[in-house]
Amino acid sequence: MAVTLRFSLLKNTVIASPRAIVPAADPTQRAMPAEMLEQGHYQTVGTGPDLMENAKAAVRELVDWLVTDQRLTLHEAYARCSVAGDLKINETVDLPKWLVSMTFPRGVFGRPPSTFV
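Bear in mind the structure is a predicted one, so any value in this text is a computation, not a measurement.

Visitor: In this structure, what is going on with the pattern of salt bridges? I would like to understand it.
Guide: Pairs can form between side chains of opposite charge once their charged atoms are near each other. Using the criterion set out here, one finds 4 salt bridges in the structure. The salt bridge involving Asp64 is made with Arg19; its shortest N-O contact spans 2.8 Å. Taken together, the positions of Asp64 in helix H2 (residues 51–70) and Arg19 in strand S1 (residues 19–22) put the pair 45 residues apart, joining distant regions of the chain. Taken together, the shared-partner salt bridges connect Arg19, Glu61 and Asp64 into one network.

Visitor: Would you take a moment to explain H2 for this structure?
Guide: In an α-helix, one turn spans 3.6 residues; hence positions three or four apart end up facing the same way. For H2, spanning 20 residues, the distance from its first C-alpha to its last is 28 Å, which sits close to the expected 28 Å at 1.5 Å a residue. Turning to H2, its buried residues are Asn54, Ala55, Ala58, Val59, Glu61, Leu62, Val63, Trp65, Leu66, Asp69 and Gln70. The secondary structure elements touched by the buried residues of H2 are S1, strand S2 (41–48), helix H3 (74–84), strand S3 (86–91) and strand S4 (98–105). Structurally, the start of H2 carries an N-cap: the backbone nitrogen of Met52 is 3.0 Å from a side-chain oxygen of Asp50. In the segment just after H2, Arg71 is the residue with positive phi, at about 55 degrees.

Visitor: Where do I start with the nonpolar core in this structure?
Guide: Buried together is how nonpolar side chains tend to be arranged in soluble globular proteins. Counting 13 residues, the largest nonpolar core has Tyr42, Leu62, Leu66, Cys81, Met102, Phe104 and Phe109 as the members making the most contacts within it. Mapped onto this core, the elements with two or more residues apiece are H2, H3 and S4. Element by element, the count of residues in this core is highest for H2, at 6 residues. Residues contacting Phe109, with those up to four places away along its chain left out, are Tyr42, Leu66, Gln70, Leu72, Arg80 and Phe104.

Cut-offs applied
Along every chain, residues carry numbers that run from 1 in the direction the sequence is written. Residues qualify for local features only when their pLDDT is at least 70, as the model is predicted, and side-chain atom pairs are given and counted only at 80 or more; totals for whole chains, interfaces and linings, by contrast, use all residues. Remark: hydrogens and water are excluded; side-chain values derive from all non-hydrogen atoms of the structure. The term salt bridge refers to a side-chain nitrogen of Lys or Arg lying within 4 Å of a carboxyl oxygen of Asp or Glu. A helix here means a DSSP run of H or I that spans at least four residues, while a strand means a run of E at least two residues long, and both kinds are numbered starting from the N terminus. Helix span, as expected, comes to 1.5 Å for every residue beyond the first. When a residue's accessible area, from a 1.4 Å probe over protein chains only, is under 20% of the maximum for its type it is buried; when over 50% it is exposed; and in between it is partly exposed. Only heavy atoms matter for contacts: two residues are in contact if any of them lie within 4.5 Å across the pair. Side-chain atoms alone can form a polar contact between residues adjacent in sequence; in general such a contact is a pair of N or O atoms within 3.5 Å, and within protein one must be able to donate a hydrogen while the other accepts it. In these notes, a set of buried Ala, Val, Leu, Ile, Met, Phe, Trp, Tyr and Cys residues joined through side-chain atoms within 4.5 Å is what counts as a nonpolar core.

These results come straight from atomic positions and should not be treated as a statement about function.
Written out as structure tokens, the structure is:
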């Protein structure tokens, strides 16, 4: 397998958990047009011993990211996450640590924000 990673340093920014922009949340996704899929997905994670707290943390981080990056209100970001967000349990192998991710398609907003081009 070959992987290419690109990292960006966002000065004066504090985040509680890792964030990533991933090419596709689900490679078999066929519900969105190709031009939307090309923009990838926001992805946040929650990890720790409490599955529900991790899920809440992943959602909170994604809401915070949408508020900051897309300039949405808190209520708009929560509403959009409830409609287009995808919350998944990613890993149960390292119990008692659970890994939960929340993904959201960037194509929902049209053009990608200038900070991540």
